[in-house]
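Breakdown of the fold
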Amino acid sequence: MLPQNYDRKHLDAGTVLFRGGEYGDAAYLIETGSVEVYLERDCGETVLARRGPGEIVGEMAMLDGRPRSAAARAITDANLIVITEDAIARRFDAMDPVLKMCVSVVLARYRETVAILQAEAGDRVVAPSSSRRDPQAFAGVIETLVLEREMTGALERGEFELHLQPIVQLADATIAGFEALMRWRHPVRGLLAPSHFIPAAEASGFVSYLTDFALAEVARILPALHDVARDHPAAIAPLPFISVNVSGHDLNRTHFAHGLADTLRSAALPPQSVKLELTESVLMEDPQGAAALLSVFRDRGIGVAIDDFGAGYSSLSYLSSLPITTLKVDRAFVHGMLADDKSRKIVHMIICLAQELGIPVVAEGIEQAAEARALKEMGCALGQGYLFGRPAPVSSTLQLIRGWAEGARSAQAVTRTPERATAARSRA
Ligand code: C2E
Ligand code: CA
Ligand code: CA
């Protein structure tokens, strides 16, 4: 979910922000200037409060769902940040589950108290309306917590594993590297894909433990991978990389970049053999923090790919300012490319953009040889998808490389004839 940027509002001195009796769905954080809250009476006005920079006005309407009990206006020119219920709800959804539950309970109690006081005073009782009181939402929190506890045990018991999916040079169908994709070998539910556990791991922050595990695994796997690569130069680059998906939680950890570089150094692995994949929305959550961290990766020689490019925020401005080394075109565009002219144009535009920036593009989700051919003709350097290989355990991946050399000869035809491409894939 993308963070919703807050709107801003400028008020000239004397301008009314809201009046008493209005319903409101926003509070206002004062950035600069000052605002007064006042009661309008037949006999004049009574000022209730004055608020300045860093203070909030208008929050009560959001808390009790009742009409505003007072008016507010700027005393001096003022700049305000508009905090809508929607924006709060989005951030609320991404909050630590226990904190979220606590806030929900406190708000629910507050609203119940207001309703009781209203009833006692003979007022019209406003039913608490917030979806945050929804028992289903609470059930979701419990589920997340249970899953988090289960994941902790699973990590200790070694139930997580990395599967590798090849990333291929479209020019000659040799393997350039792999993406590491997490799987949970659940004792009861079988092999679980990330959709079953990454969302809960993201919600609770547990995902950082999974990232640490993934990076340690990658450091463990790489030497064997490099050995096999040395023996099969016709199939694979001499130093294939493994790219690892990282989350926003990882970027908040200050030691992350240095820790990764140390892990690689102590395993005597070249830094280019690991890449990190992060999405645009992760970058946009904290652009300054991300910029600082990415420059550490650049200095250490660790590549950074933007995952699912085109599917999210796509604020192109960060591309010029951040040290990005690869763009991964989202699967949805590649999938639609042959049938839908718009998708094809978007893919082409991304490839041209990357060429301007001097960085390679990986097209994700290539399932058909015709897609691979079209991408190659557009100048796309790298491809990933079921056509070349599904994510597979490490042992199967080493086998795949050994079988690739033979397959690669015909796999060069992946980008020529669809029939032979299928043959190359099944051999691979
Ligand atoms: P992603 O990073 O975009 O990974 C690519 C996903 O597309 C993978 O799904 C992969 O199996 C799938 N895929 C690859 N080629 C094709 C294709 O030709 N057709 C189709 N239909 N799908 C294809 P998977 O393994 O289920 O992973 C889903 C998502 O979970 C990943 O999307 C990534 O966002 C997340 N994820 C996976 N492993 C990790 C991890 O270790 N850490 C974190 N934080 N996230 C992870
Ligand atoms: Ca990825
Ligand atoms: Ca992706």
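Residues numbered from 1 in each chain as written. Chains lettered and ligands numbered in written order. Predicted model: local features only at pLDDT ≥ 70, side-chain atom pairs only at ≥ 80, totals over all residues. Heavy atoms only, no water.

As a further point, take the coordination of the calcium ion (ligand 2). Within the protein, Glu179 (OE), Asn245 (OD1), Glu277 (OE) and Asp307 (OD) serve as the donor atoms for the calcium ion (ligand 2), at 2.1 to 2.3 Å. Along the chain, the residues that donate to the calcium ion (ligand 2) are spaced as E-x65-N-x31-E-x29-D. A separation of 3.9 Å is found between the calcium ion (ligand 2) and the calcium ion (ligand 3), which are bridged by Asp307. You can see Glu179 sitting in strand E10 (residues 175-186) and its partner Asp307 sitting in strand E14 (residues 303-309), a full 128 residues away along the chain. (Donors = N, O, S within 2.8 Å, 3.2 Å for Na, K, Ca; no water. Helix = DSSP H or I, 4+ residues; strand = E, 2+ residues; numbered from the N terminus.)

Looking now at the coordination of the calcium ion (ligand 3). Coordination of the calcium ion (ligand 3) by the protein is provided by Asp307 (OD), Asp308 (OD), Glu364 (OE) and Glu364 (OE), with metal-donor distances spanning 2.3 to 2.5 Å. In the primary sequence, the donor residues of the calcium ion (ligand 3) line up as D-D-x55-E. Judged by its relative accessible area of 28%, Asp308 falls in the partly exposed class. The exposure class of Glu364 is buried, given its relative accessible area of 10%. (Buried < 20%, exposed > 50% of the residue type's maximum accessible area, 1.4 Å probe, protein only.)

Their axes nearest at 9 Å, the elements helix H8 (residues 256-266) and helix H10 (residues 287-300) cross at an angle of 20 degrees. When the axes of H8 and H10 are compared, the pair comes out roughly parallel. In the packing of H8 onto H10, the handedness of the crossing is right-handed. Across the interface between the two elements, Phe256, Ala257, His258, Leu260, Ala261, Asp262 and Arg265 of H8 pack against Leu293, Val296, Phe297 and Arg300 of H10. Looking at the contact of H8 with H10 residue by residue, the classes come out as seven nonpolar, one polar and three charged. (Axes fitted to C-alpha atoms, helices over the stretch in contact; angles between N-to-C directions. Parallel < 35°, antiparallel > 145°, perpendicular 65-115°, else oblique. Left-handed = near helix turned anticlockwise from the far one by under 90°. Contact = heavy atoms within 4.5 Å. Nonpolar A, V, L, I, M, F, W, Y, C, P; charged D, E, K, R; others polar.)

What surrounds ligand 1 is a group of 19 residues, the closest being Arg183, Asp307, Arg331, Glu367 and Tyr386. Between ligand 1 and the protein, one listed contact pairs a nitrogen atom with a backbone N or O atom of Met182 at 3.1 Å. The side chain of Asp307 places a nitrogen or oxygen atom 2.9 Å from an oxygen atom of ligand 1. Coverage of ligand 1 by the protein chains reaches 81% of its 800 Å² of free accessible surface. Considering every element that reaches the shell around ligand 1, the biggest residue donor is E10, with four residues. When the residues that make up the shell around ligand 1 are grouped by side-chain class, the tally is eight nonpolar, four polar and seven charged. (Near = heavy atom within 4 Å. Polar contact = N/O pair within 3.5 Å; in protein donor to acceptor, adjacent residues only side chain to side chain. Areas by Shrake-Rupley, 256 points an atom, 1.4 Å probe, with all protein chains shown as cover.)

Turning to unusual backbone geometry, a few remarks are in order. Even without a glycine there, the phi angle at Ala173 is positive, about 60 degrees. Secondary-structure assignment places Ala173 in the loop between strand E9 (160-169) and E10. Among the residues examined, Ala173 registers a relative accessible area of 3% and is labelled buried. Phi angles above zero are rare outside glycine, and Ala268 is one such case at about 55 degrees.

Spatially, the four strands line up as an open sheet ordered E2-E7-E4-E5, and their pairing is antiparallel. In the strand order of this sheet, the two ends are held by strand E2 (16-18) and strand E5 (44-51), each with one partner. The sheet shows a mean angle of 35 degrees between the axes of neighbouring strands, direction not considered. Taken together, the four bridges between strand E4 (residues 35-41) and strand E7 (residues 71-74) define a ladder with antiparallel strand orientation. (Pairing = 2+ DSSP bridges.)

Attention shifts here to the layout of surface pockets. Each pocket or cavity is described by its volume, and for the second largest pocket that value is around 300 Å³. Around the second largest pocket, the lining comprises 17 residues; the ones closest to its centre are Val37, Gly58, Met60, Ser69 and Ala70. Mapped by element, the contributors of at least two residues to the lining of the second largest pocket are E5 and helix H1 (60-64). When the residues that make up the lining of the second largest pocket are grouped by side-chain class, the tally is 10 nonpolar, two polar and five charged. (1 Å grid on protein atoms, 1.4 Å probe; cavity = no way out; pocket = protein on both sides within 12 Å on 5 of 7 lines; lining within 4 Å. Points joined across faces, edges and corners; volume = space filled by probe spheres on them.)

For Arg149, the position within the fold is in helix H4 (residues 135-156). Sequence separation between Arg149 and Phe206 is 57 residues; the distance between their C-alpha atoms is 9.5 Å.

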